[in-house]
Amino acid sequence: MFPNSSSSIELSRLALENNIDFLRKLVGPDVTISSVLKGNAYGHGIKHMVPELERLGIRHFSVFGSFEALDVASFSTESSTILIMGDILDDHMPWMIENDVECFVFNKIRLNALCKQARLMKKKARIHLELETGMNRTGINPDEWEEMASLINEFEDCIEVVGMCTHLAGAESVSNYKRILSQKDMFNEGVTFFKAKGVHPKVLHTSCSAGVIMYPENNLGMVRVGILQYGLWPSLETQVSYMRENKLAEDPLKRVISWKSHVMDIKNVKMGEFIGYGTSFPDFIILLSKKSKGLLF
Ligand SMILES: *Cc1c(COP(=O)(O)O)cnc(C)c1O
């Protein structure tokens, strides 16, 4: 069979297996790995990743929106849990509740809408309370905790609080160290607050890839891992830190994606010449050609 294009994207099953093994060893058997598949699985394709991840034993997926949750569900052949961290379209809410798809709740509007729909369906909506701890993206502000806790108690018939979570801001850089520590304190404060009000989540989660590498004490019951599973480090800093600490000379991760293209021609270009259309960035081109000893692919 002829390929239908001179460029192709390849996904490596072995690389993915290597990365999931690495993650499992890193977090241990008691921490659930939620595989983050937002942005069409970071460009790898939800339809390719879901079956492969399920083959490797992953049973928890986190996505940005309800439209992605539908996609994950359509390619899943196991009884995996799907968690929506971001947007939910109103039209998708009945489907979500019907299929036990879980979601973050970070405001009253969403909590009310979920409860209303769940009551109509005589079923409970499964939620994770997202607490604001300093990222300032989404999350329930501390001054809203009290009201949220009483609403949840009032909504006992329609809402099940499965989890409580937050998102660490910038764990990939040591410059955020103090901020992360204060987020951790605030999260603990929030959990204690809600527990005192009778809200008892089954699972706590705060960490993304960088958190898993830099702050393993924050792994708690579950980690939401995106970039690492695809074989990329959140930052050079996290990579160097991990490899130094573990005295590794080789990258323990393997890149899942590769983009291959058919080489059509190799051409020598004199230093200082322009390349292609326009005459912009000549300095840049000289730099490039010096770096590659005058040979531009
Ligand atoms: C993107 C995202 C993650 C995963 O981040 P990685 O750095 O790719 O591991 C985890 N949690 C939330 C809330 C996210 O938005």
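Sequence order as written defines the numbering, with residues in each chain counted from 1. Only residues with pLDDT of at least 70 are given local features in this predicted model, and only at 80 or more are side-chain atom pairs given and counted; all residues enter the totals for whole chains, interfaces and linings. Note that water and hydrogens are dropped before the side-chain values are worked out from all heavy atoms of the structure.

Asker: How do you make sense of the nonpolar core when you look at a structure like this?
Answerer: Nonpolar side chains in soluble globular proteins tend to be buried together. In these notes, a set of buried Ala, Val, Leu, Ile, Met, Phe, Trp, Tyr and Cys residues joined through side-chain atoms within 4.5 Å is what counts as a nonpolar core. Each residue's exposure class comes from its accessible area (1.4 Å probe, protein chains only) as a fraction of the maximum for that residue type: buried when under 20%, exposed when over 50%, partly exposed otherwise. Counting 62 residues, the largest nonpolar core has Leu37, Leu111, Leu114, Ile127, Leu129, Ile159 and Phe194 as the members making the most contacts within it. Only DSSP runs of H or I covering at least 4 residues are called helices, and only runs of E covering at least 2 are called strands; the numbering of each starts at the N terminus. Per-element accounting of this core gives the leading share, 6 residues, to helix H1 (residues 13–27). Contact between two residues is taken to exist if any of their heavy atoms lie within 4.5 Å; hydrogens are not considered. In contact with Leu111, other than residues within four places in its own chain, are Val105, Ile127, Met148, Leu151, Ile152, Phe155 and Ile159. Membership of the second largest hydrophobic core comes to 9 residues, among which are Phe106, Val162, Val203 and Met222.

Asker: Any chance you could explain the sheet that holds strand S4 (residues 81–84) here in plain terms?
Answerer: What links the strands of a sheet is backbone hydrogen bonding, and the strands pair in either a parallel or an antiparallel sense. Two strands qualify as a pair provided DSSP detects at least 2 bridges between them. Read around the barrel, 8 strands follow the order S2-S3-S4-S5-S6-S7-S8-S9 and close on themselves; strand pairing throughout is parallel. For this sheet the average axis-to-axis angle between neighbouring strands, irrespective of direction, equals 30°. Fitted lines through C-alpha atoms give the axes, limited to the stretch in contact for helices. The angle between two N-to-C directions lies from 0 to 180 degrees. Across the sheet, helix H4 (residues 66–75) is in contact with strand S3 (60–63) and S4; its angle to S4 comes to roughly 165°.

Asker: Sorry, what's going on with the site of the ligand here?
Answerer: Close to the ligand lie Val36, Lys38, Tyr42, Met85, Arg137, His167, Cys208, Ser209, Arg224, Val225, Gly226 and Ile227. A distance of 2.5 Å separates an oxygen atom of the ligand from a polar side-chain atom of Tyr42. Using a 1.4 Å probe, the Shrake-Rupley method yields the accessible areas, and only the shown protein chains count as cover for residues. Within the complex, the protein chains bury 88% of what would otherwise be the 390 Å² of accessible surface of the ligand. Tallied by class, the residues present in the shell around the ligand amount to 6 nonpolar, 3 polar and 3 charged. In these notes, residues near a molecule or strand are those with any non-hydrogen atom within 4 Å of it. Pairs of N or O atoms within 3.5 Å make up the polar contacts considered here, provided that, within protein, one atom can donate a hydrogen while the other can accept it, and that residues adjacent in sequence are counted only when both atoms are side-chain atoms. In the scheme used here, Gly and all other residues not listed as nonpolar or charged are polar, with Ala, Val, Leu, Ile, Met, Phe, Trp, Tyr, Cys and Pro taken as nonpolar and Asp, Glu, Lys and Arg as charged.

Asker: Would you explain the environment of Leu83 in this entry?
Answerer: Within the element layout of this structure, Leu83 appears in strand S4. Overall, the relative accessible area of 0% leaves Leu83 in the buried class. It is 7.7 Å that separates the C-alpha atoms of Leu83 and His60, two residues lying 23 residues apart in sequence. Excluding residues that lie within four positions of it along the chain, Leu83 makes contacts with His60, Phe61, Ser62, Val63, Glu102, Cys103, Phe104, His128, His205 and Met222.

Asker: Help me understand the UniProt feature "domain: Alanine racemase N-terminal" (unreviewed entry) in the chain, please; the structure alone is not making it clear to me.
Answerer: UniProt positions are given in the numbering used here, feature names are shortened, and annotations may be inferred rather than shown by experiment. As annotated by UniProt and renumbered to match this structure, "domain: Alanine racemase N-terminal" (unreviewed entry) occupies residues 15–232. Summarising residues 15–232: 43% helix, 18% strand, and an end-to-end C-alpha distance of 11 Å.

Asker: Is there a simple way to explain the packing of helix H3 (residues 46–55) against H4 in this structure?
Answerer: Any two packed helices are characterised by how steeply their axes cross, that is the angle between the axes, and by the distance between the axes. Where H3 meets H4, the closest approach of the two axes is 9 Å, and the angle between their N-to-C directions is 50°. Taken together, the axes of H3 and H4 are oblique relative to one another. The handedness of the crossing between H3 and H4 is right-handed. When H3 is examined against H4, the residues Ile46, Lys47, Val50, Pro51 and Glu54 are found in contact with a partner set consisting of Glu68, Asp71, Val72 and Phe75. The residue makeup of the contact of H3 with H4, split by class, is 5 nonpolar, no polar and 4 charged. Here the angle decides the label: under 35 degrees means roughly parallel, over 145 means roughly antiparallel, 65 to 115 means roughly perpendicular, and every other value means oblique. Whether a crossing is left-handed or right-handed is set by the direction in which the near helix is turned from the far one by less than a right angle, anticlockwise for left-handed and clockwise for right-handed.

Asker: Would you mind showing me how to read the packing of H1 against H3 here?
Answerer: Relative orientation of the contacting elements H1 and H3 amounts to 55°, with a least axis distance of 11 Å. By the angle between their directions, the pair H1 and H3 is classed as oblique. Once H1 is placed against H3, the crossing between them reads as right-handed. Side by side, H1 and H3 meet where Arg13, Leu16 and Ile20 of the first sit next to Met49, Glu52, Leu53 and Arg55 of the second. Tallied by class, the residues present in the contact of H1 with H3 amount to 4 nonpolar, no polar and 3 charged.

Asker: Explain the confidence of the model for the chain here, please?
Answerer: Note that predicted coordinates carrying low pLDDT should not be read in detail. Per residue, pLDDT captures the predictor's confidence, and it can take any value from 0 to 100. In this model, the chain carries a mean pLDDT of 93, and residues with pLDDT of at least 70 account for 93%. When the criterion is pLDDT under 50, residues 293–297 qualifies, and its contacts beyond four places in sequence or with other chains add up to 14 contacts.

Asker: Please clarify how the pattern of salt bridges should be interpreted in this entry.
Answerer: Proximity of charged atoms lets side chains of opposite charge pair with each other. By convention in these notes, a salt bridge is any Lys or Arg side-chain nitrogen within 4 Å of a carboxyl oxygen on Asp or Glu. Per the counting criterion, the structure on display carries 11 salt bridges. The closest approach of N and O atoms between Arg13 and Glu52, which form a salt bridge, is 2.9 Å. Here Arg13 is found in helix H1, whereas its partner Glu52 is found in helix H3, with 39 residues between them in sequence. Exposure remark for Glu52: the relative accessible area of 16% places this residue in the buried category. Residues Arg59 and Glu78 are paired through a salt bridge, measuring 3.6 Å at the closest nitrogen-oxygen approach. On the criterion of sequence distance, the pair formed by Arg59 in the loop between H3 and S3 and Glu78 in the loop between H4 and S4 is long-range, its members being 19 residues apart. Overlapping salt bridges bring together Glu102, Arg126, Glu160 and Lys202 as one network.

Asker: Which parts of the structure should I look at to understand the environment of Phe194?
Answerer: Position of Phe194 among the secondary structure elements: in helix H8 (residues 177–196). Classification of Phe194 by relative accessible area gives buried; the value is 0%. Separated by 49 residues in sequence, Phe194 and Trp145 have C-alpha atoms that sit 7.6 Å apart. If we skip the residues at most four places from it in the chain, Phe194 touches Leu129, Leu131, Trp145, Met148, Ala149, Met164 and Val199.

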